[in-house]
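Topology and contacts: notes
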Amino acid sequence: MARRAGVNVGTLRYYERRGLLAEPPRMPGGHRRYGEETVRFLRAIKQAQAAGFTLAEIEDYLTVVRRGRVPAPEALRVRAAAKIDQIDARIAGLRRMREELTRIAGCACDSLDRCTCGAAYLARRGRESPAPPSLLHVTNGESAGNTLRQTSLGGAVLPWQDVLHEGSVPAGPRRELLRTRADFLSGCGWGSVRAILSSLERRDRTLIEALRDRRQVVLWFEHDLYDQLQLLDILALAAAADGTPELIVVGSFPGKPSFRGLGELTAAQLETLWPSRVAATPGMLAAAAAAWDTLRQPEPSALAALATAGGPELPFVGAALRRLLEELPAPKDGLSGTERRALQVVAAGAVTPPAAFRAAQDLEAAPFLGDAWFYRTLTSLGRGRARLIETQDGEQLPAAPPLSDTRAFTTMSLRLTPAGERVLQHKADRVQLLGVDRWIGGSHITPGAAWRWDPGTHRLIKPA
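To keep things clear, this report deals only with the structure shown in the data block.

**Some remarks on the overall build of the chain**
Tallying secondary structure elements over the chain gives 20 helices and 11 strands in all. Taken over the C-alpha atoms alone, the chain extends approximately 100 × 60 × 40 Å along its principal axes. Here the contacts in the chain between residues at least 6 apart in sequence split such that 61% fall between residues at least 24 apart. Carbon together with sulfur atoms contributes 53% to the accessible area of the chain, which is approximately 22,500 Å² in total.

And the structure:
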């Protein structure tokens, strides 16, 4: 029987003890007598296990079916859907693991005592560096960070890595802010709250200790929204720590008319920027701290005033904040700037998510969005009965990676729904069709508090 079913004898005995198999009748000599039905049943169990079901889940399913309250196919579909969710969560976890390993593998550090990467932190058994580097570079993420490590400038590199134009950035103590950010990033699929919070706290501690020890800290940032919000965060921390970092903040680069950021520069090109660094002035630090506080207010009136006024101390902040305010619903269609660009490029023929992302980036004066965050925008437009985007098969969009399979998501074909076409033509309103639940800094935008921003006139409109 074991040979026929593809299991071992011990498995048969175990299934009998658990009640999956009834004890079979015996022949006069005491041998068990099994029928073909048992062979088929055992093979079905093995197939279910190969699909990811545990024995406990199989037992639960069989119990439900035997009671006859739920049809067997429906009961199995419900359990299969739940299992798919579990598998997607495991895939997301593996993807996060791969990204962390990629960051470690791409690190060009030559000293584990001085490096800030995960490999060095583990090698030091979770301790801070015993010999802090005299120079600390701070930049927006791993792309520019890994190139900085390849320069001849020396020092350690600290990627800031927080997407502050997404999710809540509330006023209040720093600890609570980091906890809020960790909760948000974890909910988006980027790891556990505990792991993310620990990383953010270590990041802050590395910067503050370098500033307080009067080590050289150089901030490498560019002009777009993603970088400017990080820069405000860092300068506000520097002001509180009574530190004076140096800055290299650029909006262009010679020979690159379509410059998009430091991440596209080589190590040699980054080195040419080194002589342009300037020390943060008291006025610059004060302006950054004030702007950071303004961003975190529970309603956006002061943010709009700052965005339209700008300031000489931080020349790129005004344009960046105006782009942030474009993420508020617009008065004519209820769309954010990113949502409008997404609908426009899909309508123009960019039918896969990667193609839509690239086309939408080309419409930005200063591209700032990563593909994962753009995919979240697509998903927010592609769920529910009144969705504005759907697949070519007429289905709603799944959750965006890393909460779903990246390959399946990026190979979908998209189209606008009739509702999406009406919204794009200003004949319907996105907020009225889909509602809204979005944070702009510390301002929570909901249907009952739907502040709007007119990108043409740079005018903030209070909720009706």
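**Structural notes on helix H2 (residues 9-18)**
Among the residues making up H2, those that are buried are Thr 11, Leu 12, Tyr 15 and Glu 16. Projected down its long axis, H2 shows its buried positions confined to an angular sector of 140°, all on one face. As for H2, its buried residues are in contact with helix H1 (2-5), helix H3 (36-50) and helix H4 (55-67). Two or three places before Gly 10, at the start of H2, stands the capping residue Asn 8, its side-chain oxygen 3.1 Å from that residue's backbone nitrogen. Backbone geometry just downstream of H2 places Gly 19 in the positive-phi region, at approximately 90°.

**Here's the deal with the pairing of strand S3 (residues 216-222)**
S3 sits mainly inside the fold: six of its seven residues count as buried. Bridge count for strand S1 (residues 135-139) against S3 is five bridges, and the pairing is parallel. Bridging from a neighbouring strand, His 137 pairs with Val 218 of S3. By the bridge criterion, five bridges tie S3 to strand S4 (residues 246-250) in an arrangement that is parallel. Counted as the bridge partner of Glu 222 is Val 250 from S4. Once you follow S3 into helix H10 (residues 225-240) and on to S4, the crossover reads as right-handed.

**Focus: the nonpolar core**
Ranked by internal contacts, the top residues of the largest apolar core, which has 86 residues, are Val 138, Leu 207, Leu 219, Leu 235 and Phe 374. The greatest single-element share of this core, amounting to 10 residues, is contributed by H10. In this structure Leu 235 touches Leu 219, Pro 245, Leu 247, Met 284, Leu 285, Ala 288 and Leu 314, once residues within four positions along its chain are discounted. Counting residues in each nonpolar core, the second largest holds 17 residues, with Tyr 15, Leu 21, Ile 58 and Leu 62 among its members.

**Focus: the environment of Gly 155**
You can see Gly 155 is positioned in the loop between helix H7 (142-149) and strand S2 (156-159). Sequence-wise, Gly 155 and Ala 2 are 153 residues apart; in three dimensions their C-alpha atoms are separated by 64 Å.

**Re unusual backbone geometry**
With an omega of 10°, the peptide bond running from Pro 401 to Pro 402 counts as cis. Within the secondary structure, Pro 402 is located in the loop between strand S6 (389-391) and helix H18 (406-410). Positive phi, normally seen in glycine, also occurs at Gln 161, with a value near 55°. As for its position among the elements, Gln 161 is in the loop between S2 and helix H8 (174-187). Residues other than glycine seldom take positive phi values, yet Asp 242 does so here, at roughly 55°. Using a relative accessible area of 56% as the deciding quantity, one classes Asp 242 as exposed.

**Looking at H3**
The end-to-end C-alpha separation of H3 is 21 Å, in line with the 21 Å expected for 15 residues at 1.5 Å each. Within H3, burial applies to Thr 38, Val 39, Leu 42, Ile 45 and Ala 48. Taken together, the buried residues of H3 touch H1, H2 and H4. Gly 52 lies just past H3 and shows a positive phi near 110°.

**Details of the packing of helix H15 (residues 337-347) against helix H17 (residues 371-381)**
Two measures define how a pair of helices packs: the angle their axes make with one another and the distance between the axes. Relative orientation of the contacting elements H15 and H17 amounts to 80°, with a least axis distance of 10 Å. With respect to H17, the element H15 is oriented roughly perpendicular. Here Thr 338, Glu 339, Ala 342 and Leu 343 of H15 come into contact with H17, specifically with Phe 374, Thr 377, Leu 378, Ser 380 and Leu 381. Within the contact of H15 with H17, the residues separate by chemical class into five nonpolar, three polar and one charged.

**Concerning the environment of Leu 414**
Along the chain, Leu 414 falls in strand S7 (residues 414-416). When the C-alpha positions of Leu 414 and Gly 318 are compared, they lie 35 Å apart, and in sequence the two are 96 residues distant. In this view, Leu 414 contacts Val 346, Val 351, Thr 352, Pro 353, Leu 378, Ile 389, Glu 390, Thr 391, Gln 392 and Leu 397; residues no more than four positions away in its chain are not counted.

Thresholds applied
- Residues numbered from 1 in each chain as written.
- Predicted model: local features only at pLDDT ≥ 70, side-chain atom pairs only at ≥ 80, totals over all residues.
- Heavy atoms only, no water.
- Helix = DSSP H or I, 4+ residues; strand = E, 2+ residues; numbered from the N terminus.
- Contact = heavy atoms within 4.5 Å.
- Areas by Shrake-Rupley, 256 points an atom, 1.4 Å probe, with all protein chains shown as cover.
- Buried < 20%, exposed > 50% of the residue type's maximum accessible area, 1.4 Å probe, protein only.
- Arc of directions from axis to C-beta.
- Polar contact = N/O pair within 3.5 Å; in protein donor to acceptor, adjacent residues only side chain to side chain.
- Pairing = 2+ DSSP bridges.
- Right-handed = clockwise from strand over helix to strand, strands pointing away.
- Core = buried A, V, L, I, M, F, W, Y, C linked by side-chain atoms within 4.5 Å.
- Expected span 1.5 Å × (residues − 1).
- Axes fitted to C-alpha atoms, helices over the stretch in contact; angles between N-to-C directions.
- Parallel < 35°, antiparallel > 145°, perpendicular 65-115°, else oblique.
- Nonpolar A, V, L, I, M, F, W, Y, C, P; charged D, E, K, R; others polar.

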